[in-house]
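Fold and geometry: a report
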Amino acid sequence: MLRLVSLKLGRLYRYVKLAVLGSLAAALVLNTHSLLASLQRNELSERRFLQLNKCPACWGTSWCRKFLNGQLRLESWGRLRLLDFFNVKNVYFARYGEPREGSRRVVLKRLGSAQELADIDTKICRRATGRGRCDLLQALPATEFASLNGDVRLLTPGAVEGWSDLVHCPSQRLLDRLVRRYAETKDSGSFLLRNLKDSERMQLLITLAFNPEPLVLQSFPSDEGWPFAKYLGACGRMVAVNYVGEELWSYFNAPWEKRVDLAWQLMEIAEQLTNNDFEFALYLLDVSFDNFAVGPRDGKVIIVDAENVLVADKRLIRQNKPENWDVWYESKFDDCDKEACLSFSKEILCARVTVDHNYYAVCQNLLSRHATWRGTSGGLLHHPPAEIAKEGRLEALLDECANPKKRYGRFQAAKELREYLAQLSNNVR
C-alpha cells in the first residue's frame with residue numbers, strides 16, 4: 001500500500017514538473033519578441049526598474065550615475081523578467097565596468113521580496129493618510145521616518161531602538177558609528193545628523209527599519225578586516241555589493257583539507273564577531289550555508305547576508321551593569337527537525353558581556369553532525385579521514401560545541417576546536 005502511494009505521488013510530481021516546464025516553454029514562445037527586446041535593453045539604466053521614483057523611500061542614490069550611465073548590466077538570464085517568479089529574494093548578478101579597470105561581477109539586491117517592498121509602501125501610506133495607496137513623496141514627512149529632520153543633532157537610541165536586529169539594543173556609540181559611516185551622503189565622516197540632508201536622513205531610517213544589511217556592511221567594512229561583503233553603493237531600491245564567490249554550500253563535498261580550512265575560518269569569524277578590540281559583539285541570528293561565500297582566489301570565507309545581525313555594545317553593558325551582566329551565558333541547544341535552527345534570547349544577548357551564541361550557531365548549523373541543509377546531514381566536516389575519526393577528538397569537540405554536556409563546555413570546546421582545526425589545516429597544506 002505504501003509503495004502504491006509512493007508511486008502515485010512520484011507520478012504526480014512528474015506531471016506537475018512537466019506542466020510547469022510546459023507552461024514556461026509556452027510563455028517563452030508567446031513572448032519571444034518581448035524576450036528578445038529585454039535581452040537587448042539595459043534595464044539597470046532605467047529609473048523605473050531601479051524604483052528611483054520611490055526616493056527618499058529608498059536605499060540611496062550614491063551609485064545612480066553609474067547605473068544610469070549604463071556601467072552595470074544584468075547577466076544573461078537575469079535580464080528575463082519572466083524568471084523573476086523564481087527570484088523571490090530579488091538578488092541579481094551583474095557586470096560593472098570602469099573604463100580603466102575593465103569589468104567585474106557584482107551582486108545587486110532589492111533587500112526584500114516584491115511583496116515586502118509593497119508592504120513598506122502601504123505602511124508609509126497608512127501611517128500618513130490612513131489609506132493603503134498614496135503619493136509616497138507627500139506622505140513621508142508625516143511618518144516616523146521624517147521625525148529626525150530639521151535641527152535634530154543626533155540619532156539617539158530612543159528614536160530607533162527595536163526597529164531591527166541591528167538596533168535591538170543600540171548604544172549611542174553604535175548609532176554615531178552608523179551615521180558617521182553612512183555611505184549614501186557626500187558629507188560622510190560626521191556623527192551629526194545635521195550634516196545629512198533631510199532626504200538622506202529618511203533613507204537612513206527606512207533602511208534601518210526595513211533591512212539594515214547595507215548599514216552593517218558600511219559600519220563594519222571589509223576594508224577594515226570585518227568578514228562581510230564590500231558595500232559599493234545604491235540607486236533607488238537597488239543596492240550593489242561586491243561579488244565574493246560561490247556559496248559555502250557548494251563546498252559541502254569538497255576535499256577534506258579544503259573543508260577543514262573553511263571550518264577553521266568559520267570558527268575564527270565567530271571569535272572575531274564575539275570578541276574584538278572595538279567591544280561590539282555582532283551576533284549572527286541567521287546562520288546557514290547560503291549566508292556565506294568563499295573567494296575563488298584567496299579561499300576566504302565571507303558573510304554575504306547580514307540582514308539579521310544584532311550588535312551589543314559590551315562597553316555599555318559594563319557601564320550599566322544590568323542583572324547578571326557578568327555571568328557567562330550559554331545558548332540552549334535546539335534539536336529541531338528543520339534547517340538552520342537557532343535558539344536565542346535577544347534580551348539576554350543585549351545584557352551579557354560573555355556569550356557563546358556565535359560558536360553555538362556555527363557549530364550547530366554548519367560544522368557538526370546536527371547540521372542539516374538541502375537534504376544533507378553531517379555538517380561541513382562530515383566523513384573525516386579514518387585516522388581522525390578513530391582518534392575521536394574532532395567529533396567530541398564538535399558535539400560539545402553544538403550541545404555541551406558540561407557547564408561552560410561550549411566556551412572551552414570552541415577554543416580547543418579553533419586550535420585543533422588550525423593544526424589540521426596546517427598539516428594538510
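This one's a predicted model, so the numbers in the text were calculated from it and none came from an experiment.

The share of residues in the chain with pLDDT of 70 or more is 87%, and the mean pLDDT across the chain is 89. Note on residues 1–10: pLDDT under 50 across the span, and zero contacts to partners over four residues away in sequence or across chains.

Our next topic: the pattern of salt bridges. According to the stated counting rule, one finds 20 salt bridges in the structure shown. In this structure, the salt-bridge partner of Arg105 is Glu75, at a minimum N-O distance of 2.9 Å. You can see Arg105 sitting in strand S3 (residues 102–109) and its partner Glu75 sitting in the loop between strand S1 (72–74) and strand S2 (91–98), a full 30 residues away along the chain. Look at Arg105 and you get partly exposed, because its relative accessible area is 26%. A single salt-bridge network, built from bridges that share partners, covers Lys54, Asp121 and Arg237.

On to the state of the cysteines, then. Counted by the stated rule, this structure contains five disulfides. Across the disulfide from Cys363 sits Cys401; the S-S distance is 2.0 Å. Classification of the bridge connecting Cys363 and Cys401 rests on its S-S torsion, roughly 80°, and on that basis the disulfide is right-handed. Of the two residues, Cys363 is situated in helix H14 (residues 357–367) and Cys401 in helix H16 (residues 393–402); the sequence distance between them amounts to 38 residues.

Note that Glu161 resides in the loop between helix H7 (157–160) and helix H8 (172–180). In sequence terms Glu161 and Ala209 are 48 residues apart; their C-alpha atoms lie 9.9 Å from each other. Once you skip the residues sitting within four places of it in the chain, Glu161 turns out to touch Val167, His168, Cys169 and Pro170.

Now for the layout of surface pockets. Empty space among the atoms becomes apparent when a probe as large as a water molecule is rolled across them. For the largest pocket, the calculated volume is near 720 Å³. Lining the largest pocket are 30 residues, and of these Lys89, Val91, Lys109, Glu247 and Asp290 lie nearest its centre. It is S3 that contributes the most residues to the lining of the largest pocket, three residues altogether. Split by residue class, the lining of the largest pocket holds eleven nonpolar, eight polar and eleven charged. Of the voids in this model, the second largest pocket is the one considered here, and its volume is about 330 Å³. Considered class by class, the residues forming the lining of the second largest pocket number seven nonpolar, three polar and five charged.

What follows covers the sheet that holds strand S4 (residues 231–235). The strands that make up a sheet pair up through hydrogen bonds in the backbone, lying either parallel or antiparallel. The strand order across the open sheet built from five strands is S1-S2-S3-S5-S4, with neighbouring strands paired in antiparallel fashion. This sheet does not close on itself; its edge strands, each paired only once, are S1 and S4. Averaged over neighbouring strand pairs, the angle between their axes works out to 35° when direction is ignored. Pairing geometry for S3 and strand S5 (residues 238–242), over four bridges, is antiparallel. Among the inter-strand pairings, Lys109 is bridged to a residue of S5, identified as Val239.

Our focus in this paragraph is the pairing of S2. Bridge count for S1 against S2 is three bridges, and the pairing is antiparallel. Across the sheet, Leu74 pairs through a bridge with Ala94, a residue of S2. Relative to S3, S2 is paired through eight bridges, and the arrangement is antiparallel. Following the sheet pairing, Phe93 is matched in S3 by Val107.

Within S5, four of the five residues are buried, which leaves the element mostly enclosed by the surrounding structure. Relative to S5, S4 is paired through four bridges, and the arrangement is antiparallel. Following the sheet pairing, Tyr231 is matched in S5 by Val241. Counting the residues between successive antiparallel strands, the hairpin from S4 to S5 contains two residues, one of them, Gly236, with a positive phi of roughly 65°.

Here we take up the side chain of Arg177. Here Arg177 lies in helix H8. No salt bridge is formed by the buried Arg177. Its closest oppositely charged neighbour is Glu224, at 4.1 Å. Here the side chain of Arg177 touches Ser219 through a polar contact of 2.9 Å, landing on its backbone oxygen. In this structure, Arg177 is in contact with Ser219, Phe220, Glu224, Trp226, Phe278 and Phe280, ignoring residues within four places of it in sequence.

This paragraph deals with the sheet that holds strand S8 (residues 292–294). Within the open sheet, the three strands sit side by side as S6-S8-S9. Their pairing is antiparallel. Two strands lie at the open edges of the sheet, namely strand S6 (246–247) and strand S9 (301–303), each paired on one side alone. Sheet strands in contact with helix H11 (residues 256–274) are S8 and S9, and its direction is about 45° off that of S9.

What follows deals with unusual backbone geometry. In this structure, Pro56 follows Cys55 across a cis peptide bond, with omega equal to 10°. Positive phi outside glycine occurs at Gln51, with the angle close to 55°. Looking at where Gln51 falls in the secondary structure, it is placed in the loop between helix H3 (47–50) and helix H4 (64–68). Residue classification places Gln51 among the buried positions, given a relative accessible area of 19%. Phi at Tyr408 takes a positive value of approximately 60°, unusual for a residue other than glycine. The exposure class assigned to Tyr408 is partly exposed, which follows from its relative accessible area of 24%.

Attention now goes to the nonpolar core. Grouped together as the largest cluster of nonpolar side chains are 90 residues, with contacts concentrated most on Phe228, Met267 and Leu367. In terms of residue count, the dominant contributor to this core is H11 (nine residues). Aside from chain neighbours lying at most four places away, what touches Met267 is Tyr359, Val362, Cys363, Leu367, Cys401, Ala414, Leu417, Arg418 and Leu421. Judged by nonpolar contacts, the second largest core, of 20 residues, contains Phe49, Cys55, Leu72 and Leu74.

Procedures and definitions
- Think of each chain on its own: its residues are numbered from 1, step by step along the sequence as written.
- Given that this is a predicted model, residues contribute local features only at a pLDDT of at least 70 and side-chain atom pairs are listed and counted only at 80 or more, while totals for whole chains, interfaces and linings are drawn from all residues.
- Where side-chain values are given, they derive from all heavy atoms of the structure, hydrogens and water being excluded.
- Every residue gets a pLDDT, meaning the predictor's confidence in that residue, from 0 to 100.
- Only heavy atoms enter the contact rule, under which two residues are in contact if any of them lie within 4.5 Å.
- Any Lys or Arg side-chain nitrogen found within 4 Å of a carboxyl oxygen on Asp or Glu counts as a salt bridge.
- A run of H or I in DSSP counts as a helix once it spans at least four residues, and a run of E counts as a strand once it spans at least two, with each numbered from the N terminus.
- Only protein chains enter the area calculation, which uses a 1.4 Å probe; residues under 20% of their type maximum are buried, those over 50% are exposed, and those in between are partly exposed.
- The disulfide definition used here is simple: a pair of cysteine sulfur atoms within 2.5 Å.
- In this analysis a 1.4 Å probe is tested at points of a 1 Å grid over the protein atoms alone, and where it fits but cannot get out there is a cavity; an open set with protein on both sides within 12 Å along at least five of seven lines is a pocket; lining residues have an atom within 4 Å of a point.
- Grid points are joined across faces, edges and corners, and a volume is the space filled by probe spheres set on the points.
- Note on residue categories: nonpolar means Ala, Val, Leu, Ile, Met, Phe, Trp, Tyr, Cys or Pro, charged means Asp, Glu, Lys or Arg, and polar means any other residue, Gly included.
- By this definition, two strands are paired if DSSP reports at least two bridges between them.
- Axis lines are fitted through C-alpha atoms, for helices just across the contact stretch, and the angle between N-to-C directions can take any value from 0 to 180 degrees.
- A positive count includes Lys and Arg, and a negative count includes Asp and Glu. His and the chain ends are not counted in either.
- We call two N or O atoms a polar contact when they sit within 3.5 Å, provided that within protein one can donate a hydrogen and the other can accept it, with sequence-adjacent residues counted only if both atoms are side-chain atoms.
- As used here, the term nonpolar core means buried Ala, Val, Leu, Ile, Met, Phe, Trp, Tyr and Cys residues forming a set that is joined through side-chain atoms within 4.5 Å.

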